[in-house]
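Breakdown of the fold
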Amino acid sequence: MPRPTTAQITYGSVTVILSTLAMLLLSQTASGVGIAVIAMAALGLGLLVAMTVPLPKQPAAPAARTTPAAAPAGDRVPAQRSVLADSVREPAGP
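Residues numbered from 1 in each chain as written. Predicted model: local features only at pLDDT ≥ 70, side-chain atom pairs only at ≥ 80, totals over all residues. Heavy atoms only, no water.

Okay, the overall build of the chain next. Helix and strand counts for the chain stand at 4 helices and 0 strands. Restricting the contact set of the chain to residue pairs at least 6 apart, pairs at least 24 apart contribute 58%. Accessible area of the chain: about 8,200 Å², with a carbon and sulfur share of 69%. (Helix = DSSP H or I, 4+ residues; strand = E, 2+ residues; numbered from the N terminus. Contact = heavy atoms within 4.5 Å. Areas by Shrake-Rupley, 256 points an atom, 1.4 Å probe, with all protein chains shown as cover.)

In structure tokens form, the structure reads like this:
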């Protein structure tokens, strides 16, 4: 499972705090059970919001490099082969 992003953590936390305050103010509950129920509902709502925030898109995998069909070794670099052959041939000493 991927790690949560900063946006997911922020949205989830803000949702928990604001929904808890709103439900506590609207319900005007004073009992411990009522507060616990509201807190659990706010945590569930925050988790739902955090998990539905879109994840950043993964960078596309680089396209496979297409190489031309392999040619025989002698045909690959003919210019370099002739240069090397000329530089090796030196006149023999006296």
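More follows now that the structure is in view.
Turning our attention to a nonpolar patch on the surface. A cluster of nonpolar side chains, V14, I17, L18 and L21, forms an exposed patch at the surface whose accessible area comes to about 380 Å². Relative to the assigned elements, I17 resides in helix α1 (residues 6-27). (Patch = residues over 30% accessible without salt bridge, like charges linked within 9 Å, V, L, I, M, F, W, Y side chains within 5 Å. Salt bridge = Lys/Arg side-chain N within 4 Å of Asp/Glu carboxyl O.)

Mapped onto the fold, T52 is located in helix α2 (residues 32-52). Taking the relative accessible area as the measure of exposure, T52 reaches 56% and is therefore exposed. Sequence-wise, T52 and Y11 are 41 residues apart; in three dimensions their C-alpha atoms are separated by 9.9 Å. Within polar-contact distance, the side chain of T52 engages the backbone oxygen of V49 at 3.1 Å. (Buried < 20%, exposed > 50% of the residue type's maximum accessible area, 1.4 Å probe, protein only. Polar contact = N/O pair within 3.5 Å; in protein donor to acceptor, adjacent residues only side chain to side chain.)

Next up on the list: the packing of α1 against α2. The interhelical angle for the contact between α1 and α2, taken along N-to-C directions, is 150°, at an axis separation of 8 Å. If you check the angle between α1 and α2, you find them roughly antiparallel. You can see that α1 and α2 cross each other, and the crossing is right-handed. Contacts between α1 and α2 involve Q8, Y11, G12, T15, V16, S19, T20, M23, L24 and S27 on the former and, on the latter, I35, I38, A41, A42, L43, L45, G46, V49 and A50. For the contact of α1 with α2, the residue count by class is 12 nonpolar, 7 polar and no charged. (Axes fitted to C-alpha atoms, helices over the stretch in contact; angles between N-to-C directions. Parallel < 35°, antiparallel > 145°, perpendicular 65-115°, else oblique. Left-handed = near helix turned anticlockwise from the far one by under 90°. Nonpolar A, V, L, I, M, F, W, Y, C, P; charged D, E, K, R; others polar.)

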